[in-house]
Amino acid sequence: KIPLEAYVPPAKPSLIGLSRTEIADRLGGIGVQPAQRKMRTQQLWHWMYVRGARTFDEMTSISKDMRAQLVQHFTVDRPEVVAEQVSNDGTRKWLLRLPSGDSLQKAHEVECVYIPETDRGTLCVSSQVGCTLNCSFCHTGTQRLVRNLTPGEIVGQLIEAERLSGERVSNLVFMGMGEPLANFANLMQAID
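This write-up is about the structure you can find in this document. Note that residues are indexed from 1 along each chain, following the sequence as it is written. This being a predicted model, a pLDDT of at least 70 is required before a residue's local features are given, and a value of 80 or more before pairs of side-chain atoms are given or counted; all residues contribute to the totals for chains, interfaces and linings. Heavy atoms from the whole structure form the basis of all side-chain values; hydrogens and water molecules are not counted.

1. Quick look at the layout of surface pockets
Think of a 1 Å grid over the protein atoms and nothing else: a 1.4 Å probe that fits but is trapped marks a cavity, an open set flanked by protein within 12 Å on at least five of seven lines marks a pocket, and residues with an atom within 4 Å of a point count as lining. Grid points are joined across faces, edges and corners, and a volume is the space filled by probe spheres set on the points. Of the pockets and cavities examined, the second largest pocket occupies roughly 470 Å³. What lines the second largest pocket is a set of 24 residues, among which Tyr49, Val155, Leu158, Ile159 and Glu162 lie closest to the centre. The way it works is that DSSP assigns letters per residue, a run of H or I at least four long becomes a helix, a run of E at least two long becomes a strand, and they are numbered from the N terminus. Those elements that provide at least two residues to the lining of the second largest pocket are helix H2 (34–50), helix H4 (151–165) and helix H5 (184–191). Sorting elements by how many residues they give to the lining of the second largest pocket places H4 first, with six residues.

2. Section: the packing of aromatic side chains
When the centres of two rings from Phe, Tyr and Trp lie within 6.5 Å, Trp using its six-membered ring, the rings pair. Their planes under 30 degrees apart give stacked, over 60 give edge-to-face, and anything left gives tilted. The tally for this structure, following the rule as stated, stands at one aromatic pair. Its guanidinium or amino end placed over the ring of Trp45, Arg20 lies 4.1 Å from that ring's centre, counting from NZ or CZ. It is Arg51 that lies over the ring of Trp47; its NZ or CZ is 4.6 Å from the centre. Criterion for a charge above a ring: Lys NZ or Arg CZ within 6 Å of the ring centre, and within 35 degrees of the ring normal.

3. Quick notes on helix H1 (residues 20–29)
Note: α-helices contain 3.6 residues per turn, so residues at a spacing of three or four share the same orientation. The buried label applies to any residue whose accessible area, calculated with a 1.4 Å probe on protein chains only, is under 20% of its type's maximum; exposed applies above 50%, and partly exposed to all values in between. Buried within H1 we find Ile23, Ala24 and Leu27. End-on view of H1: buried residues confined to an arc of 100°, all on one side of the axis. Within H1, the exposed residues directed more than 90 degrees away from the buried face are Thr21, Asp25 and Gly29. The inward-facing, buried residues of H1 contact H2 and helix H3 (64–73). For this quantity, the arc is that covered by the directions from the helix axis to the C-beta atoms. By definition, residues are in contact when any of their heavy atoms lie within 4.5 Å.

4. A word on the pattern of salt bridges
Just to be clear on terms, a salt bridge is a Lys or Arg side-chain nitrogen sitting within 4 Å of an Asp or Glu carboxyl oxygen. Under the defined criterion, the tally for this structure stands at 10 salt bridges. Between Arg78 and Glu160 there is a salt bridge, and its shortest N-O distance comes to 2.9 Å. With Arg78 in the loop between H3 and strand E1 (80–86) and Glu160 in helix H4, this pair connects stretches of sequence that are 82 residues apart. When salt bridges with common partners are traced through the structure, they connect Arg54, Arg78, Glu160 and Arg163 into a single cluster.

5. Re the packing of H4 against H5
Orientation is described by lines fitted to C-alpha atoms, with helices fitted over the stretch in contact, and by angles between N-to-C directions that extend from 0 to 180 degrees. For the pair H4 and H5, interaxial distance at closest approach is 8 Å and the crossing angle is 45°. Comparing their axes, H5 and H4 come out oblique. Viewed along their axes, H4 and H5 form a crossing whose handedness is right-handed. Touching Pro151, Ile154 and Val155 of H4 are Asn186, Leu187, Gln189 and Ala190, all from H5. Charged residues are taken to be Asp, Glu, Lys and Arg, nonpolar residues to be Ala, Val, Leu, Ile, Met, Phe, Trp, Tyr, Cys and Pro, and polar residues to be all remaining types, Gly included. Among the residues making up the contact of H4 with H5, the classes are represented as five nonpolar, two polar and no charged. Orientation categories follow fixed angle ranges, with anything under 35 degrees roughly parallel, anything over 145 roughly antiparallel, 65 to 115 roughly perpendicular, and all other angles oblique. A crossing counts as left-handed when the near helix is turned anticlockwise from the far one by less than a right angle, and as right-handed when that turn is clockwise.

6. Some points on the environment of Ile23
Following the sequence through the fold, Ile23 ends up in helix H1. On the basis of relative accessible area, Ile23 is assigned to the buried category, the value being 0%. When the C-alpha positions of Ile23 and Val155 are compared, they lie 15 Å apart, and in sequence the two are 132 residues distant. Those residues in contact with Ile23 that lie beyond four places of it in its chain are Leu15, Leu18, Thr41, Leu44, Trp45 and Met48.

Given below as structure tokens:
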């Protein structure tokens, strides 16, 4: 089965989900000098993944000129929370709307679930919008496969879950929407 839609990359791509090497390459593409790329990459990595910055303006250790240049070419867009459900045991399920750079493209939604325990926090992550497998026990199997998630959309679920729960995720389970092995390349890049 083939997806109903192909991913349409936005005019300004998000840096979320890129490896350090890919971030450095993107910075080189906008004219950042080779001697500065490693430092700038480390700064961006820290702001995106440690501090959870949602905009370049929050990245105050980066010069204003550099932030302005980043805003012209990139985003740090992540999924937007549409709905949240919290169970008695503290498990939290979020319906997330994925960023869409194309005003004509439908904004797709996926779910992820955070399961807290005393010694760990597990996040169940989606890898596709819809699914092709039709497993009898799974509601997602009743939906048609729309498209594979990008590495940034997969990583974005983790970042949002940590922000929303206020906890660090210690375990990832790829049992959300979709069949992760059917999106293997993007899944492996997200894991990396």
